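Listed below are the residues making up each chain.
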Amino acid sequence: MKLLEGKVALITGATRGIGRGIAQAYAAQGANVAFTYASSAAKAEALEKELAETGITAKGYQSNAGDFDASQDLVTQVVKDFGTVDILINNAGITRDTLLMRMSEEQWDEVMQTNLKSAFNLTKAVLRTMLKARSGSIINMSSVVGVKGNAGQANYAASKAGILGFTKSVALELGSRNIRCNAIAPGFIETEMTDALDADTVQGWREAIPLKRGGTPEDVANACVFLGSDMSTYITGQTLNVDGGMLT
Ligand code: NDP
């Protein structure tokens, strides 16, 4: 028996990196996967096909997670297409890094909207469905930076710290309805994005991590499988660091 057999998962931002890894792991565990993206239509189509080959139902939706109305419309459409939403993974996120001295209001607002308001938008949108089902698992993607802070990322760190407060509050409000809400705080995860970085810098980061390597999208995806599955039915309000021991 696969761990997510028959469950419907909605994953935001799955055309690349961690989100894509989560979609693949969920499909492998038998979940039907609805996923979103901002603009990569060709990548979404390719992923849809790849996931469907595992025998599950998969569909990609272009939807801005930072837009409240678009998020409500998205969930209405997903419920129409899939029947329900059992698991919501608020994964979509962006960076607009710069020192506070140089940070524009626009850079602050963009990051808050895509990383933090998106979790509010989508969580509100799935609530009615999860309340009716008296069951649900919501997983919010934070970051070690949200726990620790980081120079040059005041906007990003604030958004990811906000995710932690939001996660705990949702867990407290909705626990009595059997709706769980947890956060994952990935450390340094090697994706297409980090491929562009200087090799010596990346090697230095790897050496500073107790497990002596960067994480993979699959490492984060496996934690998402656990938190979305019935293996974690007594776990809510928690932050799981997936960071090779970086914050220890
Ligand atoms: P990527 O930049 O590789 O992928 C981001 C995904 O989000 C893409 O699918 C993108 O779609 C989508 N997206 C961006 N903006 C929106 C939006 N407004 N609405 C809907 N979808 C959107 O990111 P990562 O895989 O690296 O990161 C995923 C999450 O993990 C983020 O929340 C990030 O903050 C967090 N994280 C990442 C770490 C890392 O080391 N990589 C470490 C800690 C946390 P499109 O392709 O169309 O642009």
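Residues numbered from 1 in each chain as written. Predicted model: local features only at pLDDT ≥ 70, side-chain atom pairs only at ≥ 80, totals over all residues. Heavy atoms only, no water.

**Overview of the overall build of the protein**
- Along the backbone of the protein there are nine helices and seven strands.
- The C-alpha radius of gyration of the protein comes to 17 Å, within 12% of the 18 Å expected for a compact globule of 248 residues.
- Referenced to the eigenvectors of the C-alpha coordinate spread, the extents of the protein come out at roughly 45 × 35 × 35 Å.
- When burial is assessed residue by residue, the protein has 48% of its 248 residues classed as buried.
- Here the contacts in the protein between residues at least 6 apart in sequence split such that 74% fall between residues at least 24 apart.
- Summed over all atoms, the accessible surface of the protein reaches about 12100 Å², with 51% contributed by carbon and sulfur.
- When the 23 basic and 26 acidic side-chain charges of the protein are each reduced to a single mean position, those positions are 6 Å apart. (Helix = DSSP H or I, 4+ residues; strand = E, 2+ residues; numbered from the N terminus. Rg over C-alpha atoms; globule rule 2.2 N^0.38 Å. Buried < 20%, exposed > 50% of the residue type's maximum accessible area, 1.4 Å probe, protein only. Contact = heavy atoms within 4.5 Å. Areas by Shrake-Rupley, 256 points an atom, 1.4 Å probe, with all protein chains shown as cover. Lys, Arg positive; Asp, Glu negative; His and termini not counted. Charge placed at Lys NZ, Arg CZ, Asp CG, Glu CD.)

**Some details on the pairing of strand 3 (residues 58–62)**
- In the sheet, strand 2 (residues 32–37) pairs with strand 3 via five bridges, with the strands oriented parallel. Across the sheet, Val33 pairs through a bridge with Ala58, a residue of strand 3.
- One crossover worth recording links strand 2 to the parallel strand 3 by way of helix 2 (residues 41–52), and it is right-handed. (Pairing = 2+ DSSP bridges. Right-handed = clockwise from strand over helix to strand, strands pointing away.)

**Let's talk about the packing of helix 1 (residues 17–28) against helix 2**
- One can describe the packing of helix 1 onto helix 2 by two numbers: an axis separation of 10 Å at closest approach and a directional angle of 20 degrees. With respect to helix 2, the axis of helix 1 lies roughly parallel. Where helix 1 crosses over helix 2, the handedness of that crossing is right-handed. Along the contact surface, helix 1 presents Arg20, Ala23, Gln24 and Ala27, while helix 2 presents Leu47, Glu50 and Leu51.
- A per-class count over the contact of helix 1 with helix 2 returns four nonpolar, one polar and two charged. (Axes fitted to C-alpha atoms, helices over the stretch in contact; angles between N-to-C directions. Parallel < 35°, antiparallel > 145°, perpendicular 65-115°, else oblique. Left-handed = near helix turned anticlockwise from the far one by under 90°. Nonpolar A, V, L, I, M, F, W, Y, C, P; charged D, E, K, R; others polar.)

**Description of the pattern of salt bridges**
- Within the structure shown, the criterion is met by seven salt bridges.
- We note a salt bridge from Arg20 to Glu50, for which the minimum N-O separation is 3.3 Å. Pair noted here: Arg20 is in helix 1 and Glu50 is in helix 2, with a separation of 30 residues, a long-range link.
- Take Arg20: its relative accessible area is 29%, and that puts it in the partly exposed class. (Salt bridge = Lys/Arg side-chain N within 4 Å of Asp/Glu carboxyl O.)

**Here we look at the nonpolar core**
- Counting residues in each nonpolar core, the largest one holds 32 residues, and the members touching the most others are Ile22, Tyr26, Phe35, Leu51 and Ile184.
- Listing elements by their share of this core, those giving two or more residues are strand 1 (8–11), helix 1, strand 2, helix 2, strand 4 (87–90), strand 5 (136–141) and helix 9 (217–228).
- Among residues more than four places away in sequence, those in contact with Ile22 are Ile11, Ile89, Asn91, Met141, Ala221 and Cys224.
- Judged by nonpolar contacts, the second largest core, of 22 residues, contains Ala34, Leu74, Phe82 and Ile138. (Core = buried A, V, L, I, M, F, W, Y, C linked by side-chain atoms within 4.5 Å.)

**Observations regarding the site of the ligand**
- Near the ligand you find 27 residues, and of these Thr15, Ser39, Ser40, Asn91 and Tyr156 are the closest.
- Between Ile18 and the ligand, the recorded distance is 2.8 Å, taken from a backbone N or O atom to an oxygen atom.
- Take Ala65: an N or O atom from its main chain is 2.9 Å from a nitrogen atom of the ligand.
- When the ligand is considered free in solution it has 910 Å² of accessible area, and contact with the protein chains removes 92% of it.
- Those elements that place two or more of their residues in the shell around the ligand are helix 1 and helix 6 (154–174).
- Here the residues of the shell around the ligand are counted per class, giving twelve nonpolar, 13 polar and two charged. (Near = heavy atom within 4 Å. Polar contact = N/O pair within 3.5 Å; in protein donor to acceptor, adjacent residues only side chain to side chain.)

**Side note on the environment of Glu106**
- Counting through the fold element by element, Glu106 comes out in helix 4 (residues 105–133).
- Between the alpha carbons of Glu106 and Arg96 there is a distance of 9.5 Å; along the sequence they are ten residues apart.

**Re helix 6**
- If you check helix 6, its first and last C-alpha atoms are 30 Å apart, about what 21 residues at 1.5 Å a residue would give, namely 30 Å.
- Lining the buried residues of helix 6 we find helix 4, strand 5, helix 5 (144–148), strand 6 (179–186) and strand 7 (239–242). (Expected span 1.5 Å × (residues − 1).)

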